[in-house]
Amino acid sequence: MNTESVVEFLGNVRLLQRLPSSSLKRIAQVVVLKRYERGDYVVREDEVVEGVYFLLQGQAQVLGSPGEENSSEFLLKRFDFFGRGIFGNVYSADVVAVSELTCFLLMSVHCGLLETKSICDSDKELDSRCLVERILCLDPLDLNVFRGFTLPNAPTFGKVFGGQLVGQALAAASNTVESMKIVHNLHSYFLLVGDLNIPIIYEVNRLRDGNNFATRRVDARQKGKTIFTLFASFQREQQGFIHQESTMPHVPAPETLVSRDEMLERRMTDPLLPRDYRNKVATENIAPWPIDIRFCEPNYSTEQTKSPPRLKYWFRAKGELSDDQALHRCVVAFASDLIFACISLNPHRRKGMSAAALSLDHSMWFHRPLRADDWLLFV
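All values derive from a computational prediction rather than experimental measurement. (Residues numbered from 1 in each chain as written. Predicted model: local features only at pLDDT ≥ 70, side-chain atom pairs only at ≥ 80, totals over all residues. Heavy atoms only, no water.)

## Quick word on the overall build of the protein
The helix and strand inventory of the protein stands at seven helices and 18 strands. In the protein, which comprises 379 residues, the proportion classed as buried is 45%. Surface accessibility of the protein: about 20700 Å² in total, with carbon and sulfur atoms responsible for 50%. (Helix = DSSP H or I, 4+ residues; strand = E, 2+ residues; numbered from the N terminus. Buried < 20%, exposed > 50% of the residue type's maximum accessible area, 1.4 Å probe, protein only. Areas by Shrake-Rupley, 256 points an atom, 1.4 Å probe, with all protein chains shown as cover.)

## Digging into the environment of F149
Mapped onto the secondary structure, F149 falls in the loop between strand 10 (145–148) and helix 4 (162–174). F149 gets classed as partly exposed once you look at its relative accessible area, which sits at 34%. Sequence-wise, F149 and I201 are 52 residues apart; in three dimensions their C-alpha atoms are separated by 9.0 Å. Residue contacts for F149: discarding those within four places in its chain leaves I135, D139, Q164, Q168 and P199. (Contact = heavy atoms within 4.5 Å.)

## Here's the deal with a nonpolar patch on the surface
Together, Y189, L191, L192, L207 and F231 line one region of the surface with nonpolar side chains, adding up to about 460 Å² of accessible area. Its place among the elements puts Y189 in strand 11 (residues 181–190). (Patch = residues over 30% accessible without salt bridge, like charges linked within 9 Å, V, L, I, M, F, W, Y side chains within 5 Å. Salt bridge = Lys/Arg side-chain N within 4 Å of Asp/Glu carboxyl O.)

## Notes on the packing of helix 1 (residues 3–10) against helix 2 (residues 21–30)
The N-to-C vectors of helix 1 and helix 2 enclose an angle of 120 degrees; their axes lie 9 Å apart at closest approach. Accordingly, the angle class assigned to the pair helix 1 and helix 2 is oblique. Considering the relative orientation of helix 1 and helix 2, their crossing is right-handed. The segment helix 1 lies against helix 2, with T3, V6, V7 and L10 engaging L24, K25, I27 and A28. Here the residues of the contact of helix 1 with helix 2 sort into six nonpolar, one polar and one charged. (Axes fitted to C-alpha atoms, helices over the stretch in contact; angles between N-to-C directions. Parallel < 35°, antiparallel > 145°, perpendicular 65-115°, else oblique. Left-handed = near helix turned anticlockwise from the far one by under 90°. Nonpolar A, V, L, I, M, F, W, Y, C, P; charged D, E, K, R; others polar.)

## Some points on the pattern of salt bridges
Evaluated as defined, the whole model comprises 14 salt bridges. In this structure, the salt-bridge partner of E297 is K312, at a minimum N-O distance of 3.5 Å. Of this pair, E297 sits in the loop between strand 15 (291–295) and strand 16 (313–317) while K312 is found in the loop between strand 15 and strand 16, placing the two residues 15 residues apart along the sequence. The class of E297 is partly exposed, set by a relative accessible area of 41%. The buried category is assigned to K312, whose relative accessible area is 18%. The partner of R371 in a salt bridge is D373, and the shortest N-O contact between them spans 3.0 Å. Assessed through its relative accessible area of 34%, R371 is described here as partly exposed. Taken together, the shared-partner salt bridges connect E203, R217, D219 and R221 into one network.

## Some thoughts on helix 5 (residues 260–269)
Inspection of helix 5 places R260, M263, L264 and R267 among the buried residues, and these make up the whole buried set. For helix 5, the buried positions fall inside an angular range of 100 degrees around the axis, keeping them on one side. (Arc of directions from axis to C-beta.)

## Some details on helix 4
Quick reminder: α-helices carry 3.6 residues per turn. Residues three or four places apart thus point the same way. The end-to-end C-alpha distance of helix 4 is 18 Å, a good match for the 18 Å that 13 residues give at a rise of 1.5 Å each. Taken across its 13 residues, helix 4 has 13 buried, putting it largely inside the fold. (Expected span 1.5 Å × (residues − 1).)

## Some thoughts on the pairing of strand 10
Only one face of strand 10 is covered, namely the face carrying F146 and G148; the face carrying V145 and R147 is uncovered. Bridge analysis of strand 9 (residues 139–142) against strand 10 gives three bridges, and the strand direction is antiparallel. Paired with D142 across the two strands is V145, which belongs to strand 10. Adjacent in sequence and paired antiparallel, strand 9 and strand 10 are bridged by two residues. (Pairing = 2+ DSSP bridges.)

## Concerning the nonpolar core
One recurring pattern in soluble globular proteins is that nonpolar side chains are buried together. Counting 56 residues, the largest nonpolar core has V132, L165, L186, Y202, F228, I291 and V331 as the members making the most contacts within it. With near-sequence residues (within four places) excluded, V132 lies in contact with P290, I291, A317, L321, V331 and F334. Within the second largest apolar cluster, 19 residues are counted, among which are L10, I27, A28 and F54. (Core = buried A, V, L, I, M, F, W, Y, C linked by side-chain atoms within 4.5 Å.)

Take a look at the structure:
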C-alpha cells in the first residue's frame, strides 16, 4: 500500500479520528506491516506488547472474555485496534488470529503520535511559529469548548478583527471533526463588537456526524453574550467532477510587486500625496500583518480620490505552516476578511466624506486543497 492508501485506512480507525491529518501522515510513514496465520498469537497476556495494532484484514479474538454471551464484543475486525494502552506496555489478555490476519503496528517508540493535538499543534514551540498560526491557537477548556485570545501584535481595528473570529471559530470546529473530513463551506454572522482585552469562548455544537459529512455550529461568546456565530460543513475528501468557466486574470508575478509594508512607507514620503495625509499615515500605529499582501494594481490615491471598484492582490501567510490542511483553510478564512470591505466605496469617494465599514455576514467555499503559505490570488 502506498502512503495515501495507508492514511485513508488510518482515517477510519476510531482511535485516530481526533488527530490532525499531519499526524496521520506521520503515523503512516512509520507503521510496520505484520502478518499472522490462523491460530497465531499476536500478543500474550502479561507480556510486553510492541505497540498499537490496527487490523487491516482478517479477524482476531481476545481470549479470556468474561462470558460466552459477550464473546462477540471481543472479536476484532477491520479498523479495530489493541495493544499499548492505559496499563502501559504490558497487555492484559491474549489476542489470537482466527483467520489469516494483517495488521499495521505502530511501535511503542512512536506512540507519542497518538496524543490528541489541537489544530495549531506542531513540532515547533509556540513562540517559533508564525504569527497567524499563533493567532489561531486555542486553549481547549472542555471537549467542545475552546478559548481564544487577541494577541498584542494581531491585526485589530479598534475591535476584534472579523477574520480572527472566522479563523478561530473554524479552528474550534475543526478540532471536533475527524481528520479525514475537511471544511468545504462556512457561513458566519457578526452579531456584536468583540472586546480586544478579554478572551473569547468558542462553544462547538456537533449538529451532524455522518460517514462523509459533518456539520458544526460555533458560538463565540464574551461577557456571557454571543458576539459571532459560524456554521461549517466538513466533507471526507472524494474525487468529483471539475470544471471552471472563469479564467485566471493576467496579473504580475507576486515577486515583482511591492509588499503592503513597502507601500505604506512610500505613502509616508511621496511628495505627490497631500501633506496632511502623509502625516496621518506616519502617525498611525499600524501593527505588522501576519499576511504578506502584494497589490497587483498598486493604488497610491487617498480616501478622497475616486477609483474603480475592483481589487486584485496576491497573499500568503508570513512564515512556514505545517502540512495540516485544516490549518491552511483556517488561515485563508482569517485572511479573507482583510481589506475588501471598502472597495465598493471607491467610485463614490470625495473630499470630506466620512464612511464606516463593518462585517455582518461572511461565507466561503473551498473547492480544492491549498497552501496558505504559498501565493494565492484574491480578486
